[in-house]
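Residue-level structure breakdown
Here are the chains, one letter per residue:
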Amino acid sequence: MALTFYWYPKCGTCRKAKNWLDEHQVEYEAIHIIDNPPSKEQLEDLYKKSGLELKKFFNTSGKKYRELGLKDRVKTSSEEELLELLASDGYLIKRPIVTDGNKVTVGFKEEEFAKTWN
């Protein structure tokens, strides 16, 4: 089964992840995370399957994150509010997100990709 690969083509980390998937001949469907961000429900599913804290889904180095002053808001907002925020703007979401429907990785670390997607 092909992976779902949420990415932003201008993101260097996303391009590294894409190259890794291509080099290892892993099939995937690429989805532009800015043009077609995951819905709140999809994000909730990804978050629960990832085993990560919800704050790990935020692109904390992004301009939008800083402009909205989310650093403190992330600490005090409910899960519901955070999911709504993430779903409202693909720029807020850490990328790439890769899933096979069961497992989820956020960001790109070669060792993690090798362990999870090889």
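Structure: above.
One structure accompanies this document, and this report is about it. Note that the coordinates shown come from a computational prediction; the quantities given were computed from them, not determined experimentally.

Some words on the layout of surface pockets
In this structure, the largest pocket occupies an estimated 380 Å³ of space. What lines the largest pocket is a set of 16 residues, among which Lys56, Phe58, Lys94, Val106 and Gly107 lie closest to the centre. Tallied by class, the residues present in the lining of the largest pocket amount to 5 nonpolar, 5 polar and 6 charged.

Looking at the packing of helix 2 (residues 40–50) against helix 5 (residues 79–88)
Direction vectors running N to C along helix 2 and helix 5 enclose 115 degrees, while the axes themselves pass 9 Å from each other. Where helix 2 crosses over helix 5, the handedness of that crossing is right-handed. Of helix 5, the residues touching helix 2 (which contributes Lys40, Leu43, Glu44, Tyr47 and Lys48) are Glu79, Glu80, Leu83, Glu84, Leu86 and Ala87. Grouping the amino acids of the contact of helix 2 with helix 5 by side-chain chemistry returns 5 nonpolar, no polar and 6 charged.

A look at the nonpolar core
Residues Phe57, Phe58, Ile97 and Phe113 are the most contacted members of the largest nonpolar core, which totals 36 residues. Elements represented by at least two residues in this core include exactly strand 1 (3–7), helix 1 (12–23), helix 2, helix 4 (70–76), helix 5, strand 3 (97–99), strand 4 (104–106) and helix 6 (110–117). The residues contacting Ile97, other than those within four sequence positions of it, are Thr4, Phe5, Tyr6, Ile33, Leu46, Phe57, Val104, Thr105 and Val106.

Focus on the sheet that holds strand 1
If you walk across this open sheet you meet the 4 strands as 2-1-3-4, and the pairing is mixed. In this open sheet, the two strands that pair with only one neighbour each are strand 2 (28–32) and strand 4. Each strand axis lies, on average, 15 degrees off the axis of its neighbour in the sheet, ignoring direction. For strand 3 and strand 4, the ladder comprises 3 bridges, and the chain directions are antiparallel. Paired with Ile97 across the two strands is Val106, which belongs to strand 4. Relative to the sheet, helix 1 contacts strand 1 and strand 2, its axis offset from that of strand 1 by approximately 155 degrees. On top of the sheet, helix 2 reaches strand 1, strand 3 and strand 4; it is set at about 95 degrees to strand 4, its chief contact.

What counts as what
Residues numbered from 1 in each chain as written. Predicted model: local features only at pLDDT ≥ 70, side-chain atom pairs only at ≥ 80, totals over all residues. Heavy atoms only, no water. 1 Å grid on protein atoms, 1.4 Å probe; cavity = no way out; pocket = protein on both sides within 12 Å on 5 of 7 lines; lining within 4 Å. Points joined across faces, edges and corners; volume = space filled by probe spheres on them. Nonpolar A, V, L, I, M, F, W, Y, C, P; charged D, E, K, R; others polar. Axes fitted to C-alpha atoms, helices over the stretch in contact; angles between N-to-C directions. Helix = DSSP H or I, 4+ residues; strand = E, 2+ residues; numbered from the N terminus. Left-handed = near helix turned anticlockwise from the far one by under 90°. Contact = heavy atoms within 4.5 Å. Core = buried A, V, L, I, M, F, W, Y, C linked by side-chain atoms within 4.5 Å. Buried < 20%, exposed > 50% of the residue type's maximum accessible area, 1.4 Å probe, protein only. Pairing = 2+ DSSP bridges.

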